[in-house]
Amino acid sequence: MKSTTKMIALLGMGAVLAGVLLFMTYQYVVGPQGLSMSMPALSVVSAGENKACIECHQKDNPGIIQQYHDSEHSGRGVQCLDCHKAVKGQESLTEEHYDVALIVKPTPNNCAQCHETEVKEFEDSNHSAKSWYAVQGSENFTPEELANYHLLDANGNPLNGGKANPVFNLIGQDASAQSCEVCHGIGEKNSDGSFGDCTKCHLRHTFDEAQARKPETCGQCHLGPDHPQIEIYNESAHGTYYQANPSKYNMDAPSGTLTVADFPAPTCATCHMSAFGSVEGTHDVGKRLKWSLAPEIASVRKDGEVQQQTMNGICLNCHAQPFIDDVTSKAEKTIALTNQNVKKGKFIVQDLRDAGLLGTKSFADPMDFVYFELWHHEGRRARFGAVMGGADYVNWHGIYEQEKALVELQSAAEDLKAKAKP
C-alpha cells in the first residue's frame, strides 16, 4: 500500500512536471508565432575580452547592447570580437581599444567569415562597387577593380570616361557627403579592398533579417525624384495590401521557407532577393531583372530574358502567365516611349552643341537641367512605374513631364538659333 501511494505521488509529480515543460516549450520555443529558437543572451555566455565589452558598453552605450541582446547573432552565441576582430588585410583598420586589437567598423570581409555566399552575391550586384562608382567615377579604383567589377566599356576604358557624376561636381563634396554618398555608400570602397556596407540594409546591432524584408528599409534610398521606387510601391496594389494588412506578414519566417502564407503580397525583398516558392534567394538585387532602367537609354541586361523568367517564377505564385505577359508587354511599350523621348531631347541639345550655340560644360545652361531631368528623373520614373504598377508615375510624373520638357527644349533651341542669325 505504501509503495503504491509513493508510485502514485511520483506519477502525479511527473505529470505536473510534464505539463510545465509542455507549457514552457510552447511559450518560449514554439510560441504563438510559430517555431523559433530561444538561446542564452550574449551577456550570459560572454567571457574574457567579450565580457569586458558587454560590461563597459552596457554602462556607456546601453542601446547598442540592448539591440545586440535582441539579435539572432546573440542567440547563436556570436560575440563582439567575432565581428570586430581584424581579418587578413585589415591591418590599416585595426585600432587598440583598451588593450584589445579590433576594427571599429566591420566590412564585408568580416561578414564573409560566416556569410560567404551572401557577400559574393552582393559583390556581383549594383549595390556593391557599381553604386560607389556611380557617384565618384574611377577615382580610387585600381585597374584590377575596374575590370573585376565590370566598370569598363567595350573598349576597355572606364565607364563614362571615369568621371564623377555631374551632380557630384555640381553640389560639391560637402553636400554630397550628406546626400549622394549616404545611399551610394552601400558600395563604398573599404581600406581592406572590399566594397560595401552590409549594415545599410541589416542595421547594426540587430542585423535583423525581418527589417531587411520590409519596404521601409529599401525606402531609405529608393525614393525621391530620380528613383521613387518606395513611392511607386506604396501606390501599387502590392503596396496598398502591405499597408492595409501588416499583421498578415510573417517577417520572421526562416530564410528559404517563404511562401504566400508568409507574404500574401510581395515586398521589395520578395521580388528582388528572397527565396520564395521555387525561386532561390540571392543578394544580387539585379539577378531577376530583364531591363536596366536607370541609364539615359534603357536596355535589356545581359541574360535579361533568362532573368525575366526567374522573376516570373515569383509572380506565378499569385498571378497567371497571361496576366504577367500582358503587364510585361505594356511596360515594355512604355520603356520604348521613354527611350524615344530621351533620344529626341538629346538630338535637340546635341544639334545646338554641334552648331556652337551651347557649351559643353555640365549644368552651365538651363537647357542642361531640362535635358538631364528628362532622362534622369522623368524617364526613370515612367519606367519604374511601368514595371511596378505605379500609374501616376507612368503619366504625370513621367511621360507627361517628358513631353513638356521636349516642348521647352525645342522652344529654347529655336530662340538660340534665331538670335544666332546675322
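Along each chain, residues carry numbers from 1 onward, in the same order as the chain's sequence is written. Only residues with pLDDT of at least 70 are given local features in this predicted model, and only at 80 or more are side-chain atom pairs given and counted; all residues enter the totals for whole chains, interfaces and linings. As a rule here, side-chain values cover all heavy atoms of the structure and leave hydrogens and water aside.

Considering the pairing of strand 1 (residues 94-97)
- For two strands to be treated as a pair, DSSP must find at least two bridges joining them. The way it works is that DSSP assigns letters per residue, a run of H or I at least four long becomes a helix, a run of E at least two long becomes a strand, and they are numbered from the N terminus. Strand direction decides the pairing type here: strand 1 and strand 2 (residues 100-103), joined by four bridges, are antiparallel. The residue of strand 2 that forms the bridge with Glu-95 is Leu-102.
- In this structure, the hairpin formed by strand 1 and strand 2 is closed by a connection of two residues, where Tyr-98 is found at a positive phi of approximately 50 degrees.

Here's the deal with the packing of aromatic side chains
- Stacked, tilted and edge-to-face are the three classes applied to pairs of Phe, Tyr and Trp rings, where Trp contributes its six-membered ring and a pair requires centres within 6.5 Å; stacked means planes under 30 degrees apart, edge-to-face means over 60, and tilted covers the rest. One pass over the full model with this rule turns up 11 aromatic pairs.
- Three or more aromatic residues joined by ring pairs form one cluster here, namely Tyr-233, Tyr-241, Tyr-242, Tyr-249 and Phe-263.

So, the pattern of salt bridges
- Any carboxyl oxygen of Asp or Glu within 4 Å of a side-chain nitrogen of Lys or Arg constitutes a salt bridge here. Evaluated as defined, the whole model comprises 12 salt bridges.
- Linking Glu-145 and Lys-189 is a salt bridge whose minimum nitrogen-to-oxygen distance equals 3.0 Å. Here Glu-145, found in helix 10 (residues 143-148), pairs with Lys-189, found in the loop between helix 13 (180-184) and helix 14 (209-213); they are 44 residues apart in sequence, far enough to count as distant.
- Categorising residues by exposure relies on relative accessible area from a 1.4 Å probe, with only protein chains included: less than 20% of the type maximum marks a residue as buried, more than 50% marks it as exposed, and the intermediate range marks it as partly exposed. Looking at Lys-189, the relative accessible area reads 27%, which means it is partly exposed.
- For Arg-353, the salt bridge goes to Asp-368, with nearest N and O atoms at 2.7 Å. On the criterion of sequence distance, the pair formed by Arg-353 in helix 20 (residues 321-354) and Asp-368 in helix 21 (residues 366-388) is long-range, its members being 15 residues apart.
- It is possible to trace a salt-bridge network through shared partners that takes in Lys-290, Glu-305 and Glu-332.

Remarks on unusual backbone geometry
- Here the residue pair Arg-204 and His-205 is connected by a cis peptide bond, since its omega of 0 degrees sits within 30 degrees of zero.
- Relative to the helices and strands, His-205 resides in the loop between helix 13 and helix 14.
- Look at Asp-99: it is not a glycine, yet its phi comes out positive at around 65 degrees.
- By secondary structure assignment, the location of Asp-99 is in the loop between strand 1 and strand 2.
- Judged by relative accessible area, Asp-99 falls into the exposed class, the value being 75%.
- Positive phi, close to 55 degrees, is recorded for His-150, a residue that is not glycine.
- The class for His-150 is exposed, based on a relative accessible area of 57%.

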